[in-house]
Amino acid sequence: MKTITMKLVVGTIFTLISGLVQADDVRVDEAYRLASDGIIKPFDGLNQTALEARRGRIMDTELENNRGNYVYKVTILDSKGQEWEIKVDAVTGKLIEEEKES
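Residues numbered from 1 in each chain as written. Predicted model: local features only at pLDDT ≥ 70, side-chain atom pairs only at ≥ 80, totals over all residues. Heavy atoms only, no water.

**Thoughts on the environment of Val-74**
Here is step 1: Residue placement: Val-74 occurs in strand 3 (residues 69-77).
Here is step 2: Relative accessible area serves as the criterion here: at 0%, Val-74 is assigned to the buried category.
Here is step 3: Taking the C-alpha atoms as reference, Val-74 lies 8.0 Å from Trp-84; in sequence the two are ten residues apart.
Here is step 4: Leave out the neighbours within four places in its chain, and Val-74 touches Asn-47, Ala-50, Ile-58, Asp-60, Thr-61, Trp-84, Glu-85 and Ile-86. (Helix = DSSP H or I, 4+ residues; strand = E, 2+ residues; numbered from the N terminus. Buried < 20%, exposed > 50% of the residue type's maximum accessible area, 1.4 Å probe, protein only. Contact = heavy atoms within 4.5 Å.)

Below, the structure written as structure tokens:
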């Protein structure tokens, strides 16, 4: 009984935490407004930061708003055919994370 209760508590905590870290995708028109208003860096600069982290071809881009923190996600296909997800802080233009897709 104690084990079942503990599993339920842990499962509930994970569910609550995952709901807190969800980011919302920013619509294209809103993303362009943010860039033109200077709230986030221009997209060509963000793409360049991602390509400096991992050389290849940009396959997809996405801007997310995580509680006011704008993260630009870039999927890059490298010369070996491997996909990488690069995350760039859209406000500062600094690299956040580089992760190989499985």
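**Here we look at the sheet that holds strand 1 (residues 24-25)**
Here is step 1: Pairing is antiparallel in the open sheet, where five strands are placed in the order 1-2-3-4-5. Only two strands of the sheet have a single partner each, and these edge strands are strand 1 and strand 5 (95-100).
Here is step 2: Across two bridges, strand 1 lies against strand 2 (residues 57-66) in antiparallel orientation. Directly across from Asp-25, in strand 2, lies its bridge partner Glu-64.
Here is step 3: Of the strands in this sheet, strand 2, strand 3, strand 4 (83-89) and strand 5 are in contact with helix 3 (residues 43-53), which crosses strand 3 at around 55 degrees. (Pairing = 2+ DSSP bridges. Axes fitted to C-alpha atoms, helices over the stretch in contact; angles between N-to-C directions.)

**So, the pattern of salt bridges**
Any two side chains of opposite charge can pair if their charged atoms end up close together.
Here is step 1: The tally for this structure, following the rule as stated, stands at eight salt bridges.
Here is step 2: Between Glu-30 and Arg-33 there is a salt bridge, and its shortest N-O distance comes to 2.6 Å. Separated by three residues within a single helix, Glu-30 and Arg-33 lie in helix 2 (residues 28-36), roughly one turn from each other.
Here is step 3: Overall, Arg-33 belongs to the partly exposed group, its relative accessible area being 35%.
Here is step 4: The shortest N-O distance in the salt bridge between Lys-87 and Glu-85 comes to 3.9 Å.
Here is step 5: What makes Glu-85 buried here is its relative accessible area of 16%. (Salt bridge = Lys/Arg side-chain N within 4 Å of Asp/Glu carboxyl O.)

**A short note on the packing of aromatic side chains**
Any aromatic ring pair is given by two values, namely how distant the centres are and how the planes are angled relative to each other.
Here is step 1: Going through the model one piece at a time under the given rule, you end up with two aromatic pairs.
Here is step 2: Where Tyr-32 meets Phe-43, the ring centres are 5.4 Å apart and the plane angle is 75 degrees; that geometry is what we call edge-to-face. Here Tyr-32 is found in helix 2, whereas its partner Phe-43 is found in helix 3, with eleven residues between them in sequence.
Here is step 3: Exposure remark for Phe-43: the relative accessible area of 17% places this residue in the buried category.
Here is step 4: Relative to Tyr-72, the ring of Phe-43 lies with its centre 5.6 Å away and its plane at 40 degrees, an arrangement referred to as tilted. Residue Phe-43 is located in helix 3, and its partner Tyr-72 is located in strand 3; the two are separated by 29 residues in the primary sequence. In this structure, Phe-43 and Tyr-72 share a single accessibility class: buried.
Here is step 5: It is Arg-54 that lies over the ring of Trp-84; its NZ or CZ is 3.7 Å from the centre. (Phe/Tyr/Trp six-rings, centres within 6.5 Å; stacked < 30°, edge-to-face > 60°. Lys NZ or Arg CZ within 6 Å of the ring centre and 35° of its normal.)

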